[in-house]
Amino acid sequence: MNSKTNSTKRGEPHIKLFIPGPTEVRPAILDAQGQWMVGHRMPEAAELFGRIQEKIRQIFYTTSRVYITASSGTGLQEAAIRNCCDHKVLNCVNGAFSDRWRQVTEANGKINEVLDVPWGQPILAQDVVEQLAKGDFDALTIVHNETSTGVLNPIHNIAQAVRNLPNGQDIMILVDSVSGLSGAELYFDDWDLDLVLTSSQKAFALPPGLAFCAVSDRALDKARSVVNRGYYFDFVDLEKYLLRNQTPATPAISLMYALDHQLNDMLAEGMENRFQRHLDMRDITISWAFGRGFELYAPEGYRSPTVTCVTNNLAIDVVALNEYLRSHGMIISNGYGALKGQNFRIAHMGDLQMNELESLLKTLDRFLTL
Ligand SMILES: *Cc1c(COP(=O)(O)O)cnc(C)c1O
């Protein structure tokens, strides 16, 4: 790091985050964390948990359960693998985070096969069902919104195609929507999914440290039959406690205060409005990129509503660009891993508003004309 660091003290100017996690957190949310501590077996905590449970189900569009864990999203990738499969997993991979789930699968000793799709391309229903038809799989993993490439996978189509297979009801459809959920449309019950996981620090626009997953009755039944589910993320245990508005281990109570506040604000905005705001921010980012002569990494029809991955075909200096942005109080992301320099990513997720994005794009323009 050769750039000077900024203060992170409240009340002093800060660097606004246009990166795909952690995302910008509003002052009201930061403040909500500062409430008095309660014991996690006190009625105040159960009340908080109950309030959250009722609201968070609306964000996932489910009437089933949503587990809340003190972990990041990767923890729930592991939970899904430990609880929801005991035979063979199909890992659908088209980017860094879907590949992480493959690694998690293998690290937990599960038998797997990989559907490898080139980075930047979507995973298509036909390829998934073709692969599933070849072997007796009991689960598949897929990422809804590949943060490394800006590709949105067609989860609804894929789920429909899987359910239409002769053994489609026995296949657990496990979805990582870490950078999608609450920004990109996802309807857990309507789409007949088994598990959708997300983290607090992406489109939820909360500080990092919490993860959430909706779990279907089918997936919970499956968990009851799976051995070696592990301890911390055992769904059977989480369910037992959830029924009394508790968690087996101590929850991250301060973060849950922030979550409670944020859920109120999300529902007040309205989920459909929230989805539309993200689509509008995506579209203005895309037309900015094309207008300046850039290309996009993701093909049309599969472009993420929450993060745009711009191909650096103009060969601008992305590091210098971010230095410039920092000096103007904002930051974007370089390409992920091997894509560094070849791409840059603009996140337009969470609580960011159109006028904030516009001021980022104006600043990008000033850099380009330097
Ligand atoms: C950020 C991200 C992850 C990792 O989440 P953590 O909360 O950092 O563990 C996993 N999947 C996707 C799609 C992500 O964007």
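Residues numbered from 1 in each chain as written. Predicted model: local features only at pLDDT ≥ 70, side-chain atom pairs only at ≥ 80, totals over all residues. Heavy atoms only, no water.

Notes on the overall build of the chain
So the rule is basically this: Secondary structure elements are defined from DSSP: runs of H or I of at least 4 residues count as helices, runs of E of at least 2 residues count as strands, and each element is numbered from the N terminus. Each radius of gyration reported is based on C-alpha atoms, and the globular scaling rule is 2.2 Å times the count of residues to the power 0.38. A 1.4 Å probe and the Shrake-Rupley method give the accessible areas. Residues count as covered only by the protein chains that appear here. In this tally Asp and Glu are treated as negative and Lys and Arg as positive; neither His nor the chain ends contributes. For charged residues, the charge sits on one atom: NZ in Lys, CZ in Arg, CG in Asp, CD in Glu.
Looking only at helices and strands, the chain features 12 helices and 15 strands. Here the C-alpha radius of gyration of the chain, 21 Å, is about what a compact globule of 370 residues would show, namely 21 Å. With the C-alpha coordinates of the chain rotated into their principal frame, the extents come out at 60 × 55 × 35 Å. With the model as given, the accessible surface of the chain reaches about 15,300 Å², and the carbon-plus-sulfur share is 52%. Looking at charge distribution, the chain has the averaged site of its 34 positive side-chain charges lying 5 Å from that of its 43 negative ones.

Quick word on the nonpolar core
Selection rule: Working definition of a nonpolar core: buried Ala, Val, Leu, Ile, Met, Phe, Trp, Tyr and Cys residues. They are joined through side-chain atoms within 4.5 Å. For every residue, the accessible area obtained with a 1.4 Å probe (protein chains only) is divided by the maximum for its type, and the residue is called buried under 20%, exposed over 50%, and partly exposed between those limits. Bear in mind that the domain bounds are from an automatic or database domain assignment. Contact definition: two residues touch when any of their heavy atoms are within 4.5 Å.
Judged by nonpolar contacts, the single largest core of 80 residues is most densely connected at Val 128, Leu 140, Leu 193, Phe 204, Phe 212, Phe 235 and Leu 259. Ranked by residue count, the leading element in this core is helix H9 (residues 253-269), at eight residues. Two domains each provide a minimum of three residues to this core, namely domain 1 (16-26 + 271-368) and domain 2 (29-267). Beyond its immediate chain neighbours, meaning those up to four positions away, Phe 235 contacts Tyr 67, Ala 79, Ala 80, Asn 83, Cys 84, Leu 195, Cys 213, Val 215, Leu 220 and Ala 223. Ranked by size, the runner-up nonpolar core spans 23 residues in total, among them Ala 289, Val 318, Tyr 324 and Leu 364.

What about the sheet that holds strand S5 (residues 139-143)?
Keep this limit in mind: A pair of strands is considered paired only if DSSP assigns at least 2 bridges between the two. Helix axes are fitted only over the stretch in contact, all axes being lines through C-alpha atoms; the angle between N-to-C directions runs from 0 to 180 degrees.
Ordered in space as S2-S10-S9-S8-S5-S3-S4, the seven strands form an open sheet in which the pairing is mixed. Both outer strands of the open sheet, strand S2 (65-69) and strand S4 (112-116), are each paired with one neighbouring strand and no more. The average undirected angle you get between the axes of adjacent strands in this sheet is 20°. Pairing analysis gives three bridges linking strand S8 (residues 172-176) to strand S9 (residues 195-199), with the strands arranged parallel. Bridging from a neighbouring strand, Asp 176 pairs with Leu 197 of S9.

Let's talk about the sheet that holds strand S11 (residues 295-296)
Pairing within the open sheet is antiparallel, and its four strands lie in the order S11-S12-S15-S14. Each having just a single partner strand, S11 and strand S14 (333-334) make up the two edges of the open sheet. Where strand S12 (residues 307-311) meets strand S15 (residues 343-347), five bridges bridge the pair, whose relative direction is antiparallel. Residue pairing for S15: Val 307 is matched across the bridge by Ala 347.

Observations concerning the site of the ligand
Where we set the bar: Near, as used in this document, describes a residue that has one of its heavy atoms within 4 Å of the molecule or strand being considered. Contacts described as polar in this section are N or O atom pairs within 3.5 Å, which, within protein, must combine one atom able to donate a hydrogen with one able to accept it, while residues neighboring in sequence count only if both atoms come from side chains. Each residue receives one of three labels: charged for Asp, Glu, Lys and Arg, nonpolar for Ala, Val, Leu, Ile, Met, Phe, Trp, Tyr, Cys and Pro, and polar for the others, Gly being one of them.
Near the ligand you find 14 residues, and of these Ser 72, Thr 74, Thr 147, Asp 176 and Lys 202 are the closest. A distance of 2.5 Å separates an oxygen atom of the ligand from a polar side-chain atom of Thr 74. Contact distances for the ligand include 2.9 Å between an oxygen atom and a side-chain N or O atom of Gln 201. Compared with its free state, where it exposes 380 Å², the ligand has 91% of that area covered by protein. Going through the elements one at a time, helix H3 (73-84) and helix H4 (96-107) are the ones with two or more residues in the shell around the ligand. Residue composition of the shell around the ligand, grouped by class: three nonpolar, eight polar and three charged.

As for the pairing of strand S10 (residues 211-215)
It is a general feature of regular strands that their side chains alternate between the two faces of the sheet. Counting buried positions along S10 yields five of five residues, so the element is predominantly enclosed. The side-chain alternation of S10 yields two buried faces, one formed by Ala 211, Cys 213 and Val 215 and the other by Phe 212 and Ala 214. As paired strands, S2 and S10 are joined by five bridges and run antiparallel to one another. Its bridge partner being in S10, Arg 65 is matched across the sheet by Val 215. As paired elements, S9 and S10 share five bridges and run antiparallel to each other. When the sheet's bridge partners are listed, Thr 198 is paired in S10 with Phe 212.

Observations concerning the pattern of salt bridges
As a reminder of what qualifies: For salt bridges, the criterion is a side-chain nitrogen of Lys or Arg within 4 Å of an Asp or Glu carboxyl oxygen.
Counted by the stated rule, this structure contains 25 salt bridges. A salt bridge links Arg 65 to Glu 239, with the nearest nitrogen and oxygen atoms 2.7 Å apart. Placement of Arg 65 in strand S2 and of Glu 239 in helix H8 (residues 235-242) is noted, with a sequence separation of 174 residues between them. The network of salt bridges with shared partners includes Arg 26, Asp 265, Glu 269, Arg 274, Arg 277 and Asp 351.

As for the domain arrangement of the chain
Our working definition: Summed over both partners, buried area is the accessible surface (1.4 Å probe) that two parts give up on being assembled.
Partitioning the chain into structural domains gives domain 1 (16-26 + 271-368) and domain 2 (29-267). For domain 1 versus domain 2, the separation of C-alpha centres amounts to 26 Å. Listed as interface residues are 28 residues of domain 1 and, on the opposing side, 40 residues of domain 2. For the pair domain 1 and domain 2, the summed buried surface comes to about 2,700 Å²; carbon and sulfur atoms form 61% of the total. Contact with domain 2 buries area across many residues of domain 1, yet Arg 26, Met 271 and Tyr 302 alone supply 24% of it, more than any other trio. On the surface where domain 1 and domain 2 come into contact, there are one salt bridge. For Asp 265, the salt bridge is made with Arg 26, and the minimal N-O distance between the two is 2.9 Å. Seen at the junction of domain 1 and domain 2, the total is 17 residue pairs in polar contact (both at pLDDT 80 or more). Sorting the residues of the side of domain 1 that touches domain 2 by element identifies helix H10 (271-291) and S12 as the ones contributing at least two each.

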